[in-house]
Amino acid sequence: MPLSRDSQLAAEIKALVAGGERDAARDRYSDLVARQQRRAVRIAYQYLRDAHDADEAVQDAFVKVFTHITSYREDLPFEVWFTRILVNACLDLRKSRARRLRWAVPMSSATDTTPTDPPTRDQSPEQRLVSTERAKEIATAVESLPGRQRTVFTLCHVAEQTTAEVSQALGLSEATVRVHLFRAVRKLRRLLERE
Amino acid sequence: MTSRHLSDDRLIELCMLEAPSMAEQQHLGSCCQCDARRARLLALLDDVSDVAAAQADAAFPPERLARQQARILSHLQHDGRPARVITFPAAHAYEPIASRRRPGTRWIAAAAVAGLVIGLVAGRFGHDYSLGRPGPVRAIVARAAGAPEFRAAGSSGTIREASTDLSDEEFLSEIEIALDSPTAAALQPLDDLTPLPWEVR
Ligand SMILES: [Zn+2]
């Protein structure tokens, strides 16, 4: 199967690092970051529901990817390898957030979800969309999914990965991925579908 | 053609994972009920992904993505070199992550330290609280008052002369590098003992 553009880029960066050309490798890496960044923040934000944490997890993941680029295997799509590292970074963040909250004064919410003020002309199209009642219902429904279901659903549906790719990224069997995906969609239908 | 209606699970598969077989295609073409169920589910899934994307995009506008990319690259630039960090007492390395991301400038940091020290000194005169480590605190005041660039190497503890032309971006990323130092990594065993939210459910 032909390598994706991002896998080719990752292979080039790996070769540059192996050849001691770190500056050139970093230069190429900035392209790869730009190509994957939007997708990465969508996954991390969906998973962590907190912009600061998502930012942190995405940065950690990109730094780890570059630091370990020589262990990247070209037979694996870069997206899958990167997703695995990103999901691990999200898990680490959740752990440290749990630890933080354990020592912090209890607050009503640990997340900084998008503001739900009435739409104004200054808002971006994204902000206007997320401030509708329907969007709030959807966000609440997605948030109510258990962690694994939400992760699988996000990777399959929001990040548009196949169940085989998600199974590789999460280290779960494909059958397990499908079970979590089906449960997630059934629950979302129950909560959101209108006759 | 298939006369039986499509199951809910099969509809999910058809909407998310695979194309319908010829027989299913024919059934969907002739059964308004199944076709409407499929259309409803597709619309729902579209709504969910639109909202998910919009939420993330609203939280990460292009400027924020550009800042994030700059931080990543700046972090990699320092890879393999000793980090230069500010001379806060070691305990500051354990500050919550949330506080690391706040935008700030060097003068704000210096003013915050100065304010803290004034508070500490005032507190010390008012009450006989034992605050510990008065040495480093005084050292920070002296350095902060004398020069805006007050920082030292993180783990090694040696003081380095810092250049005066660092941008705020570089300054922030240096703080981040300090927070990722081996001292901060000492928390890892504690971290490993903390169950994930889904593990305690
Ligand atoms: Zn039917």
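Figured I'd write up the structure that's included with this text. (Residues numbered from 1 in each chain as written. Chains lettered and ligands numbered in written order. Predicted model: local features only at pLDDT ≥ 70, side-chain atom pairs only at ≥ 80, totals over all residues. Heavy atoms only, no water.)

## Some details on the overall build of chain A
Defined as follows: Per the convention used, a helix needs a DSSP run of H or I reaching at least four residues, while a strand needs a run of E reaching at least two, with both numbered from the N terminus. Only protein chains enter the accessibility calculation, which uses a 1.4 Å probe; a residue whose area is less than 20% of its type maximum is buried, one above 50% is exposed, and one in between is partly exposed. In what follows, residue pairs with any heavy atoms lying within 4.5 Å of each other are defined as contacts. Surface accessibility in these figures is a Shrake-Rupley result with a 1.4 Å probe; residues are shielded only by whichever protein chains are displayed.
Broken down by element type, chain A carries nine helices and zero strands. In chain A, which comprises 195 residues, the proportion classed as buried is 51%. Here the analysis covers contacts within chain A between residues at least 6 apart in sequence; of these, 67% occur between residues at least 24 apart. Counting only carbon and sulfur atoms, one obtains 52% of the accessible surface of chain A, whose full area is about 9300 Å².

## Remarks on the packing of helix H6 (residues 133–143) of chain A against helix H3 (residues 32–59) of chain B
Note the cut-off: Fitted lines through C-alpha atoms serve as axes, helices being fitted only where they are in contact, and the angles separating the N-to-C directions of these axes extend from 0 to 180 degrees. Every angle not falling under 35 degrees, over 145, or within 65 to 115 is termed oblique; those three ranges are roughly parallel, roughly antiparallel and roughly perpendicular. Gly is put with the polar residues, along with every residue not named as nonpolar or charged; the nonpolar set is Ala, Val, Leu, Ile, Met, Phe, Trp, Tyr, Cys and Pro, and the charged set is Asp, Glu, Lys and Arg.
Two numbers describe how H6 of chain A lies on H3 of chain B: the axes approach to 10 Å, and their chain directions differ by 90°. What the angle tells us is that H6 of chain A and H3 of chain B run roughly perpendicular. Judged by residue contacts, Arg134, Ala135, Ile138, Ala139 and Val142 of chain A of H6 of chain A engage Leu44, Asp47, Val48, Val51 and Gln55 of chain B from H3 of chain B. Its residues assigned to classes, the contact of H6 of chain A with H3 of chain B shows seven nonpolar, one polar and two charged.

## Some remarks on the environment of His27 of chain B
Within the element layout of this structure, His27 of chain B appears in helix H2 (residues 22–30). With 24 residues separating them in the primary sequence, His27 of chain B and Ser3 of chain B have C-alpha atoms 6.9 Å apart.

## Notes on the interface of chain A and chain B
Stated formally: The term buried area means the drop in 1.4 Å probe accessible area that two parts suffer when joined, counted for both and summed. Any Lys or Arg side-chain nitrogen located within 4 Å of an Asp or Glu carboxyl oxygen qualifies as a salt bridge. Pairs of N or O atoms within 3.5 Å make up the polar contacts considered here, provided that, within protein, one atom can donate a hydrogen while the other can accept it, and that residues adjacent in sequence are counted only when both atoms are side-chain atoms.
Contacts between the two partners involve 61 residues from chain A, matched on the other side by 53 residues from chain B. Among the residues chain A hides against chain B, the three largest losses belong to Lys95, Arg99 and Arg189 of chain A. Together they make up 11% of the total. Taking the shortest distance from any N to any O, the salt bridge between Glu13 of chain B and Arg178 of chain A comes out at 2.4 Å. Counting across the chain A and chain B interface gives twelve residue pairs in polar contact (both at pLDDT 80 or more). Looking at the side of chain A that touches chain B, the elements with two or more residues in it are helix H2 (22–48), helix H3 (51–67), helix H4 (78–103), helix H5 (125–130), H6, helix H7 (147–158) and helix H9 (174–192) of chain A. Here the element with the most residues in the side of chain A that touches chain B is H2 of chain A; it accounts for 13 residues. A class-by-class count of the residues in the side of chain A that touches chain B yields 28 nonpolar, twelve polar and 21 charged.

## Section: the nonpolar core
Rules: Nonpolar core, defined: a set of buried Ala, Val, Leu, Ile, Met, Phe, Trp, Tyr and Cys residues in which side-chain atoms within 4.5 Å join the residues together. Either an automatic procedure or a domain database provided the assignment from which the domain bounds are taken.
The biggest cluster of nonpolar side chains holds 78 residues, and the ones touching the most others in it are Tyr29 and Leu86 of chain A. Looking at which domains feed residues into this core, each of domain 1 (1–103) and domain 2 (116–195) of chain A gives three or more. Those residues in contact with Tyr29 of chain A that sit more than four places away from it in its chain are Ile13, Phe62, Val65 and Phe66 of chain A together with Ile72 and Leu76 of chain B.

## Considerations on the coordination of the zinc ion
Residues and elements named next belong to chain B. Where we set the bar: Donor atoms are limited to N, O and S found within 2.8 Å of the metal ion, a distance that becomes 3.2 Å for Na, K and Ca. With water left out, some sites might look partial.
Those donors, His5 (ND1), His27 (NE2), Cys31 (SG) and Cys34 (SG), are the protein atoms that reach the zinc ion, and they lie 2.1 to 2.3 Å from it. Within one chain, the residues donating to the zinc ion are spaced in sequence as H-x21-H-x3-C-x2-C. Assigned by exposure class, Cys31 and Cys34 land together as buried.

## Side note on the packing of aromatic side chains
All names here are of chain A. What counts is decided by this rule: Within 6.5 Å between ring centres, the rings of Phe, Tyr and Trp (the latter by its six-membered ring) count as paired, and their orientation is classed by plane angle as stacked under 30 degrees, edge-to-face over 60, tilted in between.
Per the stated rule, a full pass over the model turns up eight aromatic pairs over all chains. Both rings, one in Tyr72 and one in Phe78, keep their centres 5.9 Å apart while their planes meet at 75°; by these two values the pair is edge-to-face. Across this residue pair, the class does not change: Tyr72 and Phe78 are buried. By way of ring pairs, the aromatic residues Tyr29, Phe62, Phe66, Tyr72, Phe78, Trp81 and Phe82 are connected into one cluster.

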